[in-house]
Amino acid sequence: MRAQGERRSSRMPDLRLVLSRALILPVAITAVTLVPTQVMGQAQSSAEFVPVTDAMLQAPAPEDWLMWRRTLDSWGYSPLDQVTRENVADLRMVWTRALARGRQEGTPLVYDGVLYMPQASDVIEAIDAVTGDLIWAHRRDLPDDVYDYVGGNARNNRNIAIYDRFIINTSDDNFVFGLDATTGEIAWETQIFDYQVTPAGHSSGPIIADGRAISGRSCRPAGGPDSCVIVAHDARTGEELWRRHTIPKPGEPGDETWGGVPWEERLHVGTWMPASYDPELRLIYQGTSVTSPAPKFMLGGIDNTHLYHNSTLALDVDTGEIRWYYQHLNDHWDLDHPFERLLLDTAVSPNPNAVSWINPRLEPGEVRKVMTGIPGKTGVVYTLDRETGEFLWATPTVTQNVISNIDGATGAVTENAEVVFSAEGQQVLACPNMHGGKDWEAGAYSPLTNTMYFPLRNMCQRLLATTAPDASHRIYALAVRHELAPGTEQLGAVYAISAETGDTTWLYEQRAATLSLVATGGGLVFGGDANGRFRAFDHETGEVLWEINLGSPVSGFPVSYAVAGRQYVAVSTGGAATTPSFLQLTPELRPSNGNNLFVFALPQ
């Protein structure tokens, strides 16, 4: 067993992957050993590769997609405008490629004509972004027992990062590692936890903030409170720089909010989606999850806030210090708040006819640096001052009954007492559902319209508070039955919401659940659904301008990139954590479940 912080030596690519791709990666066989040899496609040589800098990450070239949402402000926006509302109907598939088995919720990372694709169980492939030909493949040599400790959701791999000459990711066996971007070989790695001692899942990878690889944990209860951390590593060497707990220890600020619950019983405040970053303010914006158990009467009492669960944390990039925080909900229902935080400068003029809760001190029209979006499963839009955390406005979208009020002057949230659990065996109907409202599937923002676009679901949940070992969500002490929201048969929705006024400028609803979105400079919003349809919407009206059936749930995060002046749109399909519950509610929809990457472009 390796000590924490120890680095393993670099390894050749995993032999199982090499053998499974024998036609692409031939191997030389001797009497006693198998020696894998990578065959390089049209990759740059090591000498040709241009290292990625902080300046490039903070202002990426239009043709590249260098991180999860393309930019550190998490917009999910590409300025490319070759594909427009006028010609999108001519879009055609130009290549496709099968992906590794397992959950597929990946984001392609594209740099200088190479597409790097994260996949389940720590598989990463480098692919020629024009032809779809494999350049290299990396499969981490994972211990046989790793998923016995960290849980199956750790097999997910939503995103990777790039910095200097390295493709950077966090691994299922609790390392952070850097691959040589030209070969796929391990250049460095650092242990975060011993997975057998402190199991902590990683369902998303890092972002790079001023040379630091910032990553969070799912921190399942088996890992205890020590597993609930955000960690910064030097993105060139892997050296750990700081570690921030998301649960206060005894004697720390916030300790009193746990009502005397012993430290070892403070569980599961996870940070399982990537953060956003403001290089000017040098603040990282990270969201957090529910506690375990979720009903707070089981965890020190319903009057305690249990910091820092379901909060936005603004962290100093140099130290990890919490500069400010805002708690979006005291959560009894597994309504996590770890999702993308959109960072933008905008006039703030919430429309009282459209927005439920407004800070009375706001001067309408004042331009503010804001953090906005739908950070949690409630589907509530929150807009905060990103310098100070001051509450500016908030408003619900889909049906919700868990928040009864938000004090505009303070931002303090009041939960609906009628659906707060008070005893084991109690059953409530809580809206939205733990898989939406909103979940990990990302929205997007377009500066062309100053509008946010969100994939939401009209779902509720019948919940039972129970500690029974066979409960469907026993780590939360909940049993759940998914339901459509009352009064609708349309599960999926896309909301277009003005970042300035809070008005819903258009709404698209459909039977199938909607999934992640991307906005482009051509006036389009691309997004898929659980029934395999991938669409292009007009960003001003919501009109569907183009559609294709990809056969399986469009579970990946779509991106757009360009090579040699040609714009491409890429997205992946496959099995995801949430789609089974969506399909339960729409049994007439019967997509397949194939993990594939699809790339589209206009005819040449």
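Everything numeric here is computed off the predicted structure, so don't read it as measured data.

Visitor: When you look at the pairing of strand S10 (residues 166–170) in this model, what are you seeing that I'm missing?
Guide: The side chains of a regular strand alternate, first on one face of the sheet and then on the other. When you tally the buried positions in S10, you get five out of five residues, the bulk of the element. When strand S9 (residues 161–163) meets S10, the two strands line up antiparallel, connected through three bridges. By the bridge assignment, Ile 162 is partnered in S10 with Ile 167. The turn joining S9 and S10, which pair antiparallel and follow one another in sequence, is formed by two residues; a positive phi near 55° is taken by Asp 164. Examined bridge by bridge, S10 and strand S11 (residues 175–180) share five bridges and lie antiparallel to one another. Following the sheet pairing, Thr 170 is matched in S11 by Val 176. Adjacent in sequence and paired antiparallel, S10 and S11 are bridged by four residues, among which Asn 174 carries a positive phi angle near 70°.

Visitor: How should the packing of aromatic side chains be read in this particular structure?
Guide: Here the distance between the centres and the angle between the planes together describe a pair of aromatic rings. For the structure shown, the criterion picks out 21 aromatic pairs. Relative to Phe 391, the ring of Tyr 326 lies with its centre 6.3 Å away and its plane at 20°, an arrangement referred to as stacked. Highlighted residues: Tyr 326 in strand S20 (residues 322–327) and Phe 391 in strand S25 (residues 391–395), separated in sequence by 65 residues. For the pair formed by Tyr 326 and Phe 391, the shared burial category is buried. One aromatic cluster in this structure is built from Tyr 453, Trp 506, Tyr 508 and Phe 537.

Visitor: Mind showing me how you'd approach the state of the cysteines here?
Guide: Two cysteines joined by a covalent bond between their sulfur atoms form a disulfide. Following the criterion strictly, the structure yields two disulfides and no others. The disulfide partner of Cys 219 is Cys 228, and the S-S distance across this bridge is 2.4 Å. Across the S-S bond linking Cys 219 and Cys 228, the dihedral sits near 90°, which makes this disulfide right-handed. Two residues share a disulfide in this structure: Cys 431 and Cys 460, whose sulfurs sit 2.0 Å from each other. With the S-S bond torsion at 105°, the cross-link from Cys 431 to Cys 460 turns out right-handed. Placement of the pair is Cys 431 in the loop between strand S28 (427–430) and strand S29 (444–446) and Cys 460 in strand S31 (residues 459–465), with a sequence separation of 29 residues.

Visitor: It is not clear to me how the confidence of the model for the protein should be interpreted in this structure. Could you clarify?
Guide: A low pLDDT score tells you not to read the predicted coordinates there in detail. Residues of the protein with pLDDT of at least 70 account for 93%, and the chain-wide mean is 92. A low-confidence stretch, residues 1–41 stays under pLDDT 50, and its non-local contacts, those more than four residues away or across chains, total 86 contacts.

Visitor: What is the right way to look at the pairing of strand S19 (residues 311–316) in this model?
Guide: Among the six residues of S19, six are classified as buried, and the element is accordingly described as predominantly covered. Residues Ser 311, Leu 313 and Leu 315 point to one face of S19 and Thr 312, Ala 314 and Asp 316 to the other, with burial holding for every one of them. Taken together, the five bridges between strand S18 (residues 283–287) and S19 define a ladder with antiparallel strand orientation. Within the sheet, the bridge partner assigned to Ile 284 lies in S19 and is Leu 315. Pairing of S19 with S20, which is carried by five bridges, proceeds in the antiparallel orientation. Pairing of Leu 315 across the sheet is with Ile 322, part of S20.

Analysis parameters
Residues numbered from 1 in each chain as written. Predicted model: local features only at pLDDT ≥ 70, side-chain atom pairs only at ≥ 80, totals over all residues. Heavy atoms only, no water. Buried < 20%, exposed > 50% of the residue type's maximum accessible area, 1.4 Å probe, protein only. Helix = DSSP H or I, 4+ residues; strand = E, 2+ residues; numbered from the N terminus. Pairing = 2+ DSSP bridges. Phe/Tyr/Trp six-rings, centres within 6.5 Å; stacked < 30°, edge-to-face > 60°. Disulfide = S-S within 2.5 Å. pLDDT = per-residue confidence, 0-100. Contact = heavy atoms within 4.5 Å.

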